[in-house]
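# Observations on chain architecture
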Amino acid sequence: MASSPAGLQARSVVDIEREYLLQNYARYPLVLHRGKGCFVYDAAGNRYLDLITGIGVNALGHAHPRIVKVIRAQAGLLIHTSNLYYNEYQGPLAERLARVSGLQRAFFSNSGAESMEGALKMARAHGRALNPDKIEVVALHGSFHGRTFGALSVTGQEKYRAPFEPLVPGARFVPLNDVAALEQVVCDRTAALVIEWVQGEGGINPITNEYAQRARALADRFNALLIFDEIQCGVGRPGTHFAYQTADPVIQPDIMVAAKPLACGIPLGVIMANEKAAAAISSGMHGSTFGGGPLACRVALEFLDILEELLPQIRALGKYFRMRLDELARRHHIVREVRGQGLMIGMELDQPCKQIVADAMGEGLLINVTHDRVIRLLPPYIITEQLVDRACTTMGKLLKNFKPVAAA
Ligand SMILES: Cc1ncc(COP(=O)(O)O)c(C=O)c1O
């Protein structure tokens with residue numbers, strides 16, 4: 001079990017950061033040193049069960065032997081080529097992603113926001129080619145699509161947008177799962193609709209199949225592109241390759257963006273587009289120096305091989321985790337709801353609960369709170385029932401001892 005407060009022994013790191021880093025992150029006082037499987041260790045050797053996985057990135061846990069092996073091998077051969085030349089892995093990765101997504105063409109980037117940015121450029125180019133006024137993007141309240149100007153402009157949370165306005169024009173926000181509101185706003189000026197299948201940053205809010213179907217139909221009717229942001233909710237986390245594949249029948253987007261777990265911590269994002277959307281981008285219209293390098297792409301191919309084997313387990317463990325959290329919800333009246341999909345789970349409390357993250361660290365558990373009152377869990381895909389039980393025992397203790405912090 002960890003001592004508390006965790007990791008403060010490495011104070012010098014904290015001091016250096018305070019002096020030299022942009023002060024944009026409010027970090028917890030924990031300096032991580034190494035990881036193995038579902039656990040990470042701080043500089044003093046204290047162990048933490050990692051249920052947030054670098055915000056959904058370390059999906060295979062830490063130091064997965066197959067990933068380590070591939071990184072070692074490729075690092076000794078070729079890390080970067082630029083996109084002036086071919087490398088051996090970008091094409092095969094694109095082919096693999098096309099096969100599992102049903103979207104024919106890939107563009108590789110280095111992050112979620114960069115993927116979103118490219119998708120929005122694709123939408124703008126698609127719209128403008130039809131009509132100069134066709135530049136609107138319909139997005140959802142509570143959404144999060146990244147920190148760059150384009151991605152921010154379609155992020156439906158005032159707190160992220162306000163300091164940087166004016167943003168890219170044309171965003172129209174509608175409430176989540178409100179079909180009537182969607183029908184009112186989508187029109188001939190709409191170039192794209194942007195939707196997270198499960199909102200992550202916004203508080204683990206899934207969209208309904210009916211809503212997604214309506215969005216698909218409206219996009220078709222007005223010749224707009226339907227973009228699914230699967231950066232947090234996709235790439236295996238739902239127990240399928242992508243969250244839109246959980247609907248029956250599958251509701252296929254025109255564009256899908258993904259990133260986080262794709263190369264297990266080596267930065268890699270992707271835009272997958274059908275032929276219609278991809279046709280909007282021709283030679284010279286978009287690019288990236290780092291995107292799709294041989295190291296990242298080879299790791300992603302290995303990850304996708306491993307994922308194939310893990311998908312049934314992700315579905316089973318997701319159900320098991322939800323069942324155990326539902327039990328906790330019945331015992332602790334401060335829990336308002338448990339929701340999510342696969343191994344993306346939110347537990348909403350009836351009050352702000354940010355301090356529960358620090359309390360959990362003191363108990364050797366890494367979790368996160370988003371939207372003030374939603375405990376967010378993005379466990380690794382390799383988690384076991386035994387570790388879920390351990391996490392739930394700790395969470396039960398935390399909920400029992402939870403005391404709201406009095407307003408200052
Ligand atoms: C749904 C979603 N879209 C986009 C992003 C931005 O990704 P990145 O931080 O890699 O730029 C995130 C990051 O959390 C996200 O959750």
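Check the entry above for the structure.
Residues numbered from 1 in each chain as written. Predicted model: local features only at pLDDT ≥ 70, side-chain atom pairs only at ≥ 80, totals over all residues. Heavy atoms only, no water.

### Here's the deal with the environment of valine 138
Note the cut-off: Here a strand is any run of E in DSSP of at least two residues, a helix any run of H or I of at least four, and the numbering for each starts at the N terminus. Here a residue-residue contact requires only that any non-hydrogen atoms of the pair lie within 4.5 Å.
When you line up the elements, valine 138 lands in strand β5 (residues 136–140). Considered as a pair, valine 138 and glycine 396 are 258 residues apart in the sequence and their alpha carbons are 40 Å apart. Not counting residues within four places of it along the chain, the set of residues in contact with valine 138 comprises Arg172, Val174, Leu182, Val185, Val186, Thr190, Ala192, Leu193 and Val194.

### Regarding helix α5 (residues 112–130)
Put simply, the rule reads: One fewer than the residue count of a helix, multiplied by 1.5 Å, yields its expected span. Per-residue accessibility, obtained with a 1.4 Å probe over protein chains only, is compared with the maximum for each type, and a residue is labelled buried under 20%, exposed over 50%, and partly exposed between these values. What qualifies as a polar contact is a pair of N or O atoms within 3.5 Å, subject to a donor-acceptor requirement within protein and to the restriction that residues adjacent in sequence count only when both atoms come from side chains.
Helix length check: α5, at 19 residues, gives a terminal C-alpha distance of 28 Å against a target of 27 Å (1.5 Å per residue), a fit within 8%. Along α5, the residues that are buried comprise Gly112, Ala113, Ser115, Met116, Gly118, Ala119, Leu120, Met122, Ala123, Ala125, His126 and Gly127. Backbone nitrogen of glutamate 114 and a side-chain oxygen of the N-cap are separated by 3.1 Å at the start of α5; the cap is serine 111.

### Examining the sheet that holds strand β10 (residues 225–229)
Note: strands within a sheet are paired through backbone hydrogen bonds, in either parallel or antiparallel orientation. Note the following rule: Think of it this way: DSSP has to see at least two bridges between two strands before they count as a pair. Note on geometry: axes are C-alpha line fits, over the in-contact stretch for helices, and angles between N-to-C directions span 0 to 180 degrees.
If you trace the seven strands from one edge of the open sheet to the other, you get β4-β12-β11-β10-β7-β5-β6, paired in mixed fashion. Lying at the two open borders of the sheet, with one neighbouring strand each, are β4 (105–109) and β6 (171–174). Recorded for the sheet is a direction-independent mean angle of 20 degrees between the axes of neighbouring strands. Examined bridge by bridge, strand β7 (residues 190–196) and β10 share five bridges and lie parallel to one another. Bridged to alanine 192 within β10 is leucine 225. Sheet contacts for helix α9 (residues 209–221): β5, β6, β7 and β10; angle to β7, the most-contacted strand, approximately 165 degrees.

### Things to note about the sheet that holds strand β17 (residues 374–377)
Across the sheet, four strands lie side by side as β13-β14-β17-β16; this open sheet has antiparallel pairing. Edge positions in the sheet fall to β13 (335–341) and β16 (368–370), since each has one partner strand and no second. Averaged over all pairs of adjacent strands, the angle between their axes in this sheet comes to 30 degrees, without regard to strand direction. Contacting β13, β14 (344–349) and β17, helix α11 (residues 294–331) crosses the sheet at an angle of about 175 degrees to β13. Set on the sheet, helix α13 (residues 385–401) makes contact with β13, β14 and β17; between it and β14 the angle comes to about 20 degrees.

### What to know about the packing of α11 against α13
Worth spelling out the cut-off: In what follows, roughly perpendicular refers to angles from 65 to 115 degrees, roughly parallel to angles under 35, roughly antiparallel to angles over 145, and oblique to any angle outside these ranges. Definitions for this section: a left-handed crossing has its near helix turned counterclockwise from the far helix by less than a right angle. A right-handed crossing has that turn clockwise.
Orientation of α11 relative to α13, taken along the N-to-C sense of each, is 25 degrees, at an axis distance of 10 Å. Taken together, the axes of α11 and α13 lie roughly parallel to each other. Once α11 is placed against α13, the crossing between them reads as right-handed. Contacts from Leu317, Tyr320, Phe321, Arg324, Leu325 and Leu328 in α11 reach Glu385, Val388, Asp389, Ala391, Cys392, Met395, Gly396 and Leu399 in α13.

### Considering the nonpolar core
Put simply, the test is: Only buried Ala, Val, Leu, Ile, Met, Phe, Trp, Tyr and Cys residues count toward a nonpolar core, and they belong to the same one when joined by side-chain atoms within 4.5 Å.
One finds Leu97, Trp197, Phe303, Phe321, Leu325, Met347 and Ile375 to be the most contacted residues of the largest nonpolar core, which totals 108 residues. Looking at which element gives the most residues to this core, the answer is α11, with 18 residues. Core analysis: the next-biggest nonpolar cluster, separate from the first, contains 23 residues, Met122, Ile227, Ile231 and Ala280 among them.

### What to know about α13
Over its 17 residues, α13 runs 24 Å from end to end, which matches the ideal 24 Å to within 8%, given 1.5 Å per residue. By the burial criterion, the buried members of α13 are Leu387, Val388, Ala391, Cys392, Thr394, Met395, Gly396, Leu398 and Leu399.

### Thoughts on the pattern of salt bridges
As a reminder of what qualifies: Counted as salt bridges are all cases of a side-chain nitrogen of Lys or Arg within 4 Å of a carboxyl oxygen of Asp or Glu.
If you walk through the whole model with that rule in mind, you get 20 salt bridges. Among the salt bridges present, the one from glutamate 136 reaches arginine 189, with a minimum N-O distance of 3.0 Å. One end of the pair, glutamate 136, is in strand β5; the other, arginine 189, is in the loop between α8 (179–185) and β7, with 53 residues separating them in the sequence. Its relative accessible area of 11% is what places glutamate 136 among the buried residues. Classification of arginine 189 by relative accessible area gives partly exposed; the value is 39%.

### Focus on the site of the ligand
Applied cut-off: Residue proximity to a molecule or strand is established when one non-hydrogen atom of the residue lies within 4 Å of it. When residue character is reported, Ala, Val, Leu, Ile, Met, Phe, Trp, Tyr, Cys and Pro are called nonpolar, Asp, Glu, Lys and Arg charged, and the others, Gly included, polar.
Every residue close to the ligand is listed here: Ser111, Gly112, Ala113, Phe144, His145, Gly146, Glu196, Asp229, Ile231, Gln232 and Lys260. Aspartate 229 is positioned with one of its side-chain polar atoms (N or O) 2.7 Å from a nitrogen atom of the ligand. In the environment of the ligand, an oxygen atom lies 2.7 Å from a nitrogen or oxygen atom belonging to the side chain of glutamine 232. The residue inventory of the shell around the ligand, partitioned by class, reads three nonpolar, five polar and three charged.

### A word on the packing of aromatic side chains
Short version of the rule: Stacked, edge-to-face and tilted are the three classes for Phe, Tyr and Trp ring pairs, Trp counted by its six-membered ring, which pair at centre distances within 6.5 Å; planes under 30 degrees apart are stacked, over 60 edge-to-face, the rest tilted. Throughout this description, the term charge over a ring refers to an Arg CZ or Lys NZ atom that lies within 6 Å of the ring centre and within 35 degrees of the ring normal.
What the rule picks out here adds up to four aromatic pairs. Residues phenylalanine 228 and tyrosine 244 carry aromatic rings whose centres are separated by 5.9 Å and whose planes lie at 35 degrees to one another, so their mutual orientation is tilted. Taken together, the positions of phenylalanine 228 in strand β10 and tyrosine 244 in the loop between β10 and β11 (255–258) put the pair 16 residues apart, joining distant regions of the chain. Between the aromatic rings of phenylalanine 242 and tyrosine 244, the centroid separation amounts to 5.9 Å while the plane-to-plane angle is 5 degrees, which identifies the pairing as stacked. According to the relative accessible area criterion, tyrosine 244 is buried, its value standing at 0%. Joined through ring pairs, the aromatic side chains of Trp197, Phe228, Phe242 and Tyr244 make up one cluster. Here arginine 34 stacks its cationic end above the ring of tyrosine 41, 4.0 Å away from the centre of that ring.

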